Amino acid sequence: MNDAMRSFCAALLLTTIGTTLAPATALATVRAPLPAPRAAATTMSRVPEGWYRPLYSVAGARRVHVKAFALDRIPVTRGAFLQFVQAHPQWARGTVLRVFAQSRYLADWPSASSAGSAVDLERPVTGVSWFAAKAYCAAVGKRLPTLDEWELVAAASESRRDASGDGAYRRRLLALYAARKPGAPPSIANTPANAYGVRGMHGLVWEWTLDFNSIVVADDSRASGSGQDARDHHLFCASAAIGASDVTDFPAFARYAVRAGLTARSTISGVGFRCAADHPV
Amino acid sequence: MQPGETGSEYSIYDLGSTWKDQAGVDRPLATLAGSPRVIAMIYTHCSATCPITVAEMKRIEALTPPTLGLVLVSLDGDRDTPDRLAQYAAEHRLTPDRWTLLRGSDADVRDLAAVLDIRYRRLSATELAHQNVLTVLDAAGAVVHRQAGLADADDIVRIGRALSVAPIRSAPAAPTPPVALFGEVRSRFEWDRSGGPLKPF
Amino acid sequence: MLPFHLSAPRTPMARMLLELALVVLALLAIVGLAGCGAPVDAAEANAASGVPIRTPSSEVIGEEVAVLTTAPAVPAPITRTHATKVIVNLDVIEQTMRLADGVEYNMWTFGGSVPGSFIRVREGDQVELRLKNAANSTMPHNIDLHAVTGPGGGAKSSLTLPGGESVFTFAALNPGLYVYHCATSPVPMHMANGMYGMILVEPKAGLPKVDREYYVMQSEFYTTGAFGAKGLQTLDMQKGIDERPTYVVFNGSVGALTGEKALQAKVGERVRLFVGDAGPNLTSSFHVIGEIFDNVYQEGGTSATQHNVQTTLIPAGGSAIVEFGVEKAGDLILVDHSIFRAFNKGALGILHVSGPDDAKVFASIKGLGVGGE
């Protein structure tokens, strides 16, 4: 474990101490409006309020407003998640309730109490269910980002906060997605920071969002009405292009297809997460 | 349900959340255990598809033994107060011996919808888009069947009868006819898409 | 009416012969009646109308696991004479594969190869398709089989995350040669990365017997580097949108059907090619240099609709079955006759014909190599 990693884990321990096994709702009220710990400035980026254009418009709105929030600069690492399961053994592999995770929960770890080599500890954690990701964030006084929050930050290139109209950037993203190799995700080190100072939004893993399951679907309750958003967005074949705001945004289509396939219990080798908060924690 | 088919390896009741029912009583999810249930998520101000769902559940009620419970969980906890749920139950003649109506916090609604794999999104203060799904739980809270869409619920009636077969001593339910033209084979797909060890039918 | 007059037999022998004849007639009648009494096949009953309403087989006997093959191999013809339940185990595998010499590409595959595994079933079979997505895949995938009558060709029931499995069942109602492909969003990306293959629904009566059957599928690749640029290449979306492929290939790579991998036949044999065009964009002008197609089942249908054809058009997302006898030793060259694709982009394959030469079929008389000054 290098020094940077050690100090990061120490910072994590600081934020973990004092949290209890209480449910997320209780933690949300427990979160003290104290000045953020020194380490927070380096682990979370402030994201000012902004607008972004979702792939699928909601209720006809072509642009969505997102309130200011804070987002982890990097995805949660195996090392950090190991600390979490040590402090909260009910989330360890083998003991986690089956309602919260499918059978391959943390399956790529050597054992329930080891997340692998020093290099592995710096990889994004994967094979975690939505429930587990949510519990982790709650335990460190944070929460999962909403889909809108995540996509707002994902629209940033290294130099621009809104790079959605930047064809060259989109081509690079697609190349990043296409170059992903089966197996363990790469280390977070050396992934460039985007205009918010956030790293690894695209090159490493798919990431959970709080409302990943909010994509409007085939038999939605308004299907019998006439709303535009009652269209069938079941994401197969060219029907996925119907109603999308930008049919050339292949990277976004890929992300939405992943979300469409996920269930809250899914434990997929390519899916990890990072946490968000209303204010830097 | 096919012969030998079993429920999911997990119980919905392990979510551990606590709700309020139409009588204003605190209801930990686990208080639903003990008898099989058909569960749907709706909201009482929904005028498009929820009435169809509720009507179909009333048909299930009429065709199944009284041990099969029917549960409506609100997606709109803000407006669906216990009083509102009681009023809705009265309007639709949903009697408390068969029907449980629940409201909970946004976080608990999100968790339950997530584990039942029901996709939804708030569109405005008064409207939600959501998937219509009927889920059958056994007495322990394991998922034994899931039906998405607004099709008739004959399968659910059959399964509900089979789950309640002991008390009524009726003939066993007729086997589900084989899916011929096109059909999803559900057990491996809906319950554990991770593809762990497969359970035989 | 019987075609002869029955009068009272005059001798015991004659009577016995007559009785024998009557027994034979009765047996024939029973056989005939049994044929009539069997459940009426709605597809056949309706066929006369021109637009049949098909129904699944009323009797599905037994169960078997489909033998899948990697191109250019084709599973053996089906000898069964009844419908059965066929289980198709198809695994989605993402892996880096050769696109040309020194050129690699992260292919997304059905069964570990591009094109994907060839599936062969019989008209009327009840197919259970089990789609598994490898645990280390980076993407969700699904399958749309053009042979399926049902939502999304199966795609709506088969979105499968890495490590997952989806299962659906369908009746193989229509015979023919069909393309299948991944239809997960963004579908052009999944298809451009290699996710396609073919399923043959063999007609109940089977196909005419031939000596060789091969599976050939044309497709395009759109790479960030130019044709032949070395190293790992990735999808260039703009080239895809512009329909400007870098590669047009048979069976997934440049050279998949040349050199040691050339298709083989002997003089005097009958050859059938199951040819698909996966696209994603281009229509193929499929041609075999030095041969004439004796029969073409246009667009993969079940009638040999044309004979003596030089070049047949295969739509993207479509197929054709071509049959020909080989009469002359040597190399026949498979091309897309949109000829830059063959010359500059890879759409080239060889069918090597061995055996005794017949100068009557073809012989050079005068030219650079023969009989010149």
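Please refer to the structure placed before this passage.
Residues numbered from 1 in each chain as written. Chains lettered and ligands numbered in written order. Predicted model: local features only at pLDDT ≥ 70, side-chain atom pairs only at ≥ 80, totals over all residues. Heavy atoms only, no water.

Draft legend 1. Expanded view of helix α2 (residues 82-91) of chain B. Residues and elements named next belong to chain B. Along α2, the positions that sit buried rather than exposed are Pro82, Arg84, Leu85, Tyr88 and Ala89. Seen along its axis, α2 keeps its buried residues to an arc of 160°; they face one direction. Exposed positions of α2 whose direction lies more than 90 degrees from the buried face are Asp83 and Ala90. Considering only its buried residues, α2 is in contact with β1 (18-21), β3 (37-42), α1 (50-63), β4 (69-74) and β5 (99-103). Looking at the residues trailing α2, positive phi occurs at arginine 93, about 50°. (Buried < 20%, exposed > 50% of the residue type's maximum accessible area, 1.4 Å probe, protein only. Helix = DSSP H or I, 4+ residues; strand = E, 2+ residues; numbered from the N terminus. Arc of directions from axis to C-beta. Contact = heavy atoms within 4.5 Å.)

Draft legend 2. Just the packing of helix α7 (residues 147-154) of chain A against helix α9 (residues 250-261) of chain A, in detail. Residues and elements named next belong to chain A. At a closest axis distance of 13 Å, the pairing of α7 and α9 adopts a crossing angle of 155°. In terms of orientation, α7 lies roughly antiparallel with respect to α9. Note that α7 runs across α9; the crossing there is right-handed. Here Leu147, Trp150 and Glu151 of α7 lie close against α9, whose contacting residues are Arg255, Tyr256 and Arg259. The class makeup of the residues in the contact of α7 with α9 is three nonpolar, no polar and three charged. (Axes fitted to C-alpha atoms, helices over the stretch in contact; angles between N-to-C directions. Parallel < 35°, antiparallel > 145°, perpendicular 65-115°, else oblique. Left-handed = near helix turned anticlockwise from the far one by under 90°. Nonpolar A, V, L, I, M, F, W, Y, C, P; charged D, E, K, R; others polar.)

Draft legend 3. Up close: the state of the cysteines. Residue and element names in this part refer to chain A. As enumerated under the stated definition, the model contains one disulfide over all chains in all. For cysteine 137, the disulfide goes to cysteine 275, at an S-S distance of 2.1 Å. As the torsion about the S-S bond is roughly -85°, the cysteine 137-cysteine 275 disulfide counts as left-handed. One end of the pair, cysteine 137, is in helix α6 (residues 130-139); the other, cysteine 275, is in the loop between β6 (271-272) and β7 (276-277), and 138 residues separate them in sequence. Under the relative-accessibility criterion, cysteine 137 is labelled buried at 0%. The exposure class of cysteine 275 is buried, given its relative accessible area of 0%. (Disulfide = S-S within 2.5 Å.)

Draft legend 4. Looking closely at the packing of aromatic side chains. Here the structure, examined in full by the defined rule, presents 21 aromatic pairs over all chains. Geometrically, the ring pair formed by Phe81(A) and Phe273(A) is edge-to-face, given 6.1 Å between the ring centres and 80° between the ring planes. Placement of Phe81(A) in helix α4 (residues 78-87) and of Phe273(A) in the loop between β6 and β7 is noted, with a sequence separation of 192 residues between them. The same class applies to Phe81(A) as to Phe273(A), namely buried. Pairing Tyr105(C) with Phe221(C) gives two aromatic rings, centres 5.3 Å apart and planes at 70°, and the pair type is edge-to-face. Separated by 116 residues along the polypeptide, Tyr105(C) in strand β3 (residues 103-110) and Phe221(C) in strand β10 (residues 212-221) bring together distant segments of the chain. (Phe/Tyr/Trp six-rings, centres within 6.5 Å; stacked < 30°, edge-to-face > 60°.)

Draft legend 5. Representation of the environment of Ala156(A) within the structure. Residue and element names in this part refer to chain A. Structurally, alanine 156 can be placed in the loop between α7 and α8 (167-179). For alanine 156, a relative accessible area of 2% puts it in the buried group. Taking the C-alpha atoms as reference points, alanine 156 and aspartate 166, separated by 10 residues in sequence, lie 9.9 Å from one another. When near neighbours in sequence (up to four residues on either side) are disregarded, alanine 156 contacts Arg161, Ala163, Tyr169, Asn194, Ala195 and Tyr196.

Draft legend 6. Main features of unusual backbone geometry. With an omega dihedral of 10°, the bond running from Ala71(C) to Pro72(C) counts as a cis peptide bond. Within the secondary structure layout, Pro72(C) lies in the loop between β1 (63-65) and β2 (85-100). Geometrically, the link from Ser185(C) to Pro186(C) is a cis peptide bond, its omega value of -5° lying close to zero. With respect to the helices and strands, the residue Pro186(C) is situated in the loop between β8 (176-181) and α3 (187-192). Notably, Leu106(A) is not glycine yet its phi reads approximately 50°, a positive angle. Mapped onto the elements, Leu106(A) comes out in the loop between α4 and α5 (118-121). One non-glycine residue, Glu299(C), lies in positive phi territory at about 55°.

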